[in-house]
Each structure stands twice: as C-alpha cells, then as structure tokens.
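Summary of the model geometry
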Amino acid sequence: MSTLKDAKIGQTVTVTKLCGEGAVKRRIMDMGITKGTEIYVRKVAPLGDPIEVTVRGYELSLRKADAENIMTA
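Rules used in this analysis
- Residues numbered from 1 in each chain as written.
- Predicted model: local features only at pLDDT ≥ 70, side-chain atom pairs only at ≥ 80, totals over all residues.
- Heavy atoms only, no water.
- Core = buried A, V, L, I, M, F, W, Y, C linked by side-chain atoms within 4.5 Å.
- Buried < 20%, exposed > 50% of the residue type's maximum accessible area, 1.4 Å probe, protein only.
- Helix = DSSP H or I, 4+ residues; strand = E, 2+ residues; numbered from the N terminus.
- Pairing = 2+ DSSP bridges.
- pLDDT = per-residue confidence, 0-100.
- Salt bridge = Lys/Arg side-chain N within 4 Å of Asp/Glu carboxyl O.

Side note on the nonpolar core
In this structure, Leu4, Ile33, Ile39, Val53, Leu60, Leu62 and Ile70 are the most contacted members of the largest nonpolar core, which totals 17 residues. Those elements that place two or more of their residues in this core are strand E2 (12-18), strand E3 (38-44), strand E4 (51-55) and strand E5 (58-62).

Considering the sheet that holds E5
Spatially, E1-E6-E2-E3-E4-E5 is the arrangement adopted by the six strands of the open sheet, whose pairing is antiparallel. Across the chains shown, the open sheet's two edge strands, defined by having one partner strand only, are strand E1 (2-3) and E5. Strand direction decides the pairing type here: E3 and E4, joined by five bridges, are antiparallel. Paired with tyrosine 40 across the bridge in E4 is threonine 54.

Quick notes on the confidence of the model for the chain
The predicted model of the chain averages 91 in pLDDT, with 100% of residues at 70 or higher. Looking over the chain, one finds the lowest element-wise mean pLDDT in helix H2 (residues 64-67), namely 90, and the highest in E4, namely 95.

Examining the pattern of salt bridges
Overall, the coordinates contain six salt bridges when judged by the stated rule. Close ionic contact of aspartate 30 with arginine 26 constitutes a salt bridge, the shortest N to O distance being 3.6 Å. Residue aspartate 30 and its partner arginine 26 are both found in helix H1 (residues 22-30); the two are separated by four residues, about one turn of the helix. On the accessibility criterion, arginine 26 (48% relative accessible area) is partly exposed. Linked by salt bridges that have partners in common, Arg27, Arg63 and Asp66 make up one network.

What about unusual backbone geometry?
Most peptide bonds take the trans form, and the phi angle of most residues other than glycine is negative. Positive phi values are uncommon outside glycine, yet arginine 56 reaches one of about 50°. Looking at the secondary structure, you find arginine 56 in the loop between E4 and E5. The class of arginine 56 is exposed, set by a relative accessible area of 56%.

See the structure below:
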C-alpha cells in the first residue's frame with residue numbers, strides 16, 4: 001500500500017486506512033480525512049514538507065509525518 005506522502009502533484013487519491021495512535025489519528029480525522037475520502041495533491045514544498053492538499057472542498061497543509069499515516073489507493 002502507498003501513503004499520501006508518496007502521491008505526486010496533481011494526483012487524486014482515496015483514503016483506504018488511517019494509521020497512528022490516539023491523538024495523532026484523532027487530529028487527522030478532525031481535519032476531515034476519513035476512510036473513503038478523496039484527496040487531491042495540490043503542491044509539495046521544495047524539501048517535501050509540508051504537502052498542500054484539497055480535502056472536502058478546502059485546502060489543507062499536512063506534515064510528511066502525518067501524511068505517512070494516511071494509506072491511499
């Protein structure tokens with residue numbers, strides 16, 4: 001399985017699973033990222049951190065560490 005961190009700019013991916021423990025997983029879910037949600041990768045910073053994505057009609061910046069916890073298809 002791939003993670004959101006592996007997605008390329010301009011790619012739309014679907015969340016298949018959220019990893020992580022407790023507060024980390026809860027924070028990701030509070031941002032609107034849940035199983036089955038489509039995520040569009042808009043930009044990636046020059047050094048790869050953060051990643052700017054569009055989720056449920058709004059723009060969001062995620063750290064690479066958080067993106068590694070989001071499994072995609």
